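# Descriptive structure summary
This is what each chain is made of:
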Amino acid sequence: MNHVIENGVLKVFLSGHIDSGNAPATESEIFAIRDEQPHEAMILDLRELSYISSAGLRIVLRLRKAEPELKLTNVSPEVYEIFIMTGFTEMMPVEKAYRNISIEGCEAIGRGANGTVYRIDKDTVVKVYNNPDCLADVQRERELARKAFVLGIPTAIPYDVVRVGEQFGSVFELLNSKSFSKLIAANPEKIDQYVDLFVDLLHKLHSTHIKPGEMPNMKALALEWAEIVREQLPEAYGKKLCDLVNAVPDTDNLLHGDYHTNNIVMQNDEVLIIDMDTLCVGHPIFELASIYLAFVGFGELDPTIVEAFLKLPYATTRLFWQKALRRYLGTLDEAVVRSVEEKAMVISYTRLMRRTIRRNGLHTEDGRKIIDLCARRLVELLDRLDSLYF
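Residue indices begin from 1 for each chain and proceed along its sequence in written order. Thresholds applied to this predicted model are a pLDDT of at least 70 for local features of residues and 80 or more for the giving and counting of side-chain atom pairs; totals over whole chains, interfaces and linings are not thresholded and use all residues. Excluded from the side-chain calculations are hydrogens and water; all other atoms, namely the structure's heavy atoms, are used.

Let us now look at the overall build of the chain. Strands are runs of DSSP state E lasting at least two residues, helices are runs of H or I lasting at least four, and both sets are numbered from the N terminus onward. Across its full length, the chain carries 13 helices and 15 strands. When the backbone C-alpha atoms are referred to their principal axes, the chain occupies close to 80 × 50 × 40 Å. What sets the accessible areas is the Shrake-Rupley method with a 1.4 Å probe; for residues, cover comes only from the shown protein chains. Surface summary for the chain: the accessible area is close to 18,800 Å², and the carbon and sulfur share equals 50%. For the chain, the separation between the mean place of its 45 positive charges and that of its 57 negative charges on side chains is 3 Å. For the purpose of counting charges, residues Lys and Arg are taken to be positive, whereas Asp and Glu are taken to be negative. His and the chain ends are not included. In this description, the location of a charge corresponds to atom NZ of lysine, CZ of arginine, CG of aspartate or CD of glutamate.

This next bit is on the environment of Gln267. Looking at where Gln267 falls in the secondary structure, it is placed in strand β13 (residues 264–267). The class of Gln267 is buried, set by a relative accessible area of 12%. Sequence separation of Gln267 and Trp225 is 42 residues, and the distance between their C-alpha atoms is 36 Å. When near neighbours in sequence (up to four residues on either side) are disregarded, Gln267 contacts Glu173, Leu174, Leu175, Ser177 and Leu272. Only protein chains enter the accessibility calculation, which uses a 1.4 Å probe; a residue whose area is less than 20% of its type maximum is buried, one above 50% is exposed, and one in between is partly exposed. When checking whether two residues touch, look at their non-hydrogen atoms; a contact exists if any pair is within 4.5 Å.

Looking now at helix α2 (residues 54–66). The terminal C-alpha atoms of α2 lie 19 Å apart, and with 13 residues this matches the ideal 18 Å at 1.5 Å per residue to within 8%. For α2, the complete set of buried residues consists of Ala55, Gly56, Leu57, Ile59, Val60 and Leu63. Buried residues along α2 sit in contact with β2 (9–18), α1 (23–36), β3 (41–52), β4 (71–75) and α3 (77–85). By this rule the span expected of a helix is its residue count minus one, scaled by 1.5 Å.

All right, on to the pattern of salt bridges then. Basic side-chain nitrogens of Lys or Arg form a salt bridge, by our definition, when they fall within 4 Å of a carboxyl oxygen of Asp or Glu. Applying the stated criterion to the full structure yields 25 salt bridges. Across the pair Glu227 and Arg230 runs a salt bridge, and its minimum N-O distance is 3.5 Å. Classification of Glu227 as partly exposed rests on a relative accessible area of 41%. On the basis of relative accessible area, Arg230 is assigned to the partly exposed category, the value being 29%.

It is worth spelling out the side chain of Thr356 at this point. Residue placement: Thr356 occurs in helix α12 (residues 334–358). Contacts of Thr356, omitting those with residues within four sequence positions, involve Gly361, Gly367, Ile370 and Ile371.

Over its 25 residues, α12 runs 35 Å from end to end, which matches the ideal 36 Å to within 8%, given 1.5 Å per residue. Pairs of N or O atoms within 3.5 Å make up the polar contacts considered here, provided that, within protein, one atom can donate a hydrogen while the other can accept it, and that residues adjacent in sequence are counted only when both atoms are side-chain atoms. Sitting at the head of α12, Asp333 places a side-chain oxygen 2.9 Å from the backbone nitrogen of Ala335. With its phi angle positive at about 70°, Asn360 sits one or two positions after the end of α12.

This paragraph deals with the nonpolar core. By nonpolar core we mean a set of buried residues, namely Ala, Val, Leu, Ile, Met, Phe, Trp, Tyr and Cys, connected to one another through side-chain atoms within 4.5 Å. Judged by nonpolar contacts, the single largest core of 76 residues is most densely connected at Phe198, Tyr259, Leu288, Phe295, Phe320 and Met353. With 10 residues, α12 is the largest single contributor of residues to this core. Core analysis: the second largest hydrophobic core is formed by 28 residues, Leu14, Ile33, Ile52 and Tyr80 among them.

One bridge is not enough; two strands pair if DSSP finds at least two bridges between them. The mixed open sheet is built from five strands, whose spatial order is β1-β2-β3-β4-β5. Edge strands, defined here as strands with exactly one partner in the open sheet, are β1 (2–6) and β5 (94–96). Within the sheet, the average angular offset between the axes of one strand and its neighbour, ignoring direction, is 20°. Sheet analysis places β2 next to β3, joined by nine bridges and oriented parallel. Only the stretch in contact is used when a helix axis is fitted, and all axes are lines through C-alpha atoms; the angle between N-to-C directions ranges over 0 to 180 degrees.

Our focus in this paragraph is the pairing of β4. Bridge count between β3 and β4: three bridges; the pairing is parallel. Note on β4: the bridge partner recorded for Leu44 is Leu72. Handedness rule for crossovers: strands pointing away from the viewer, path from the first strand over the helix to the second running clockwise, crossover right-handed. Handedness of the β-α-β unit built from β3, α2 and β4 comes out right-handed.

UniProt positions are given in the numbering used here, feature names are shortened, and annotations may be inferred rather than shown by experiment. Here, UniProt's "domain: STAS" (unreviewed entry) annotation points to residues 1–102. In residues 1–102, the share of helix is 35% and the share of strand is 34%. The end C-alpha atoms are 31 Å apart.

Okay, the sheet that holds β13 next. Overall, antiparallel pairing links the three strands, which are arranged β11-β13-β14 in an open sheet. Each edge of the open sheet is held by one strand with a lone partner, namely β11 (178–179) and β14 (270–273). Strand direction decides the pairing type here: β11 and β13, joined by two bridges, are antiparallel. By the bridge assignment, Lys178 is partnered in β13 with Met266. Along the sheet, helix α6 (residues 191–206) contacts β13 and β14; its crossing angle with β14, the most-contacted strand, is approximately 55°.

Right under this line is the structure:
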């Protein structure tokens with residue numbers, strides 16, 4: 001048993017086994033170290049501990065009574081399972097030890113706001129999160145993916161959390177899979193086939209109903225965007241935008257939140273959806289707005305933005321959006337299609353403007369161009385729309 005003091009934190013390192021035979025001596029030594037070392041907080045580092053019995057667990061309980069902020073770190077998978085089964089993970093912070101992997105030389109097969117997905121080998125990919133302090137987000141995405149899978153949504157379930165340098169990653173299995181973006185690029189003559197599969201999965205998502213409180217509410221988030229954006233619009237238009245977003249019905253449809261051809265993959269003739277950290281609930285108009293932004297909106301001033309993201313010509317992404325919207329709505333009536341598209345555009349430009357403002361766009365030339373474009377489009381659309389739902 002070793003220990004160190006770092007910035008007022010007493011860290012005690014345990015190794016080997018703790019069982020009924022050595023529990024009394026172990027407890028005496030831990031408490032002796034605690035009493036002899038002035039400290040503000042205490043951590044047990046269990047990276048070298050391979051087994052802990054019920055006698056050892058009782059030591060931890062007694063120590064926690066003396067140290068209410070006690071934390072357990074670097075817990076091996078085997079010992080971590082014991083803490084889960086006995087409920088310790090619900091009583092105190094218990095941080096699992098994560099294996100380290102390298103992405104050096106690995107192909108980046110997708111990028112999003114929260115991370116980048118790399119192919120490790122033909123069977124396995126890892127999503128590396130941008131924020132190094134994101135363990136809670138990693139666990140949240142794993143839980144959202146699990147819920148979606150249980151509800152019948154075809155997705156890849158992350159089966160391991162790893163360290164990638166100073167960042168965290170989620171590992172999941174995608175056997176010989178290819179994204180729809182790659183498939184369309186390789187087989188542009190099959191675009192209608194991929195549109196059908198893309199929309200079929202979208203319908204499956206939106207026909208899945210979620211219990212209240214199980215997932216984030218997309219309308220609440222869109223209202224936050226509108227409140228930020230209204231300051232950049234003439235007063236009457238800002239108010240109308242907020243009123244229209246607020247008037248969108250509160251529905252219980254499952255939404256992906258970032259639905260585009262990078263996140264839809266084909267694996268052995270099965271269509272799967274990945275990148276589940278944006279799962280939410282709400283009216284489908286919010287999903288259509290996200291799709292419009294990915295395929296059209298981001299590229300309106302600079303088409304190369306969409307082309308670099310989806311690895312497809314901008315003309316192809318615009319065509320895909322138009323075909324997908326018609327297929328989703330089940331109509332070729334141009335008036336109906338255009339009406340729904342314009343409703344989606346309002347939310348899309350609201351999101352894009354808010355995103356640009358958040359990224360300091362008010363203080364850069366390129367940012368102001370995007371904000372001005374969004375403001376013009378919103379004013380034009382709000383002049384003729386009386387609702388944002390269909």
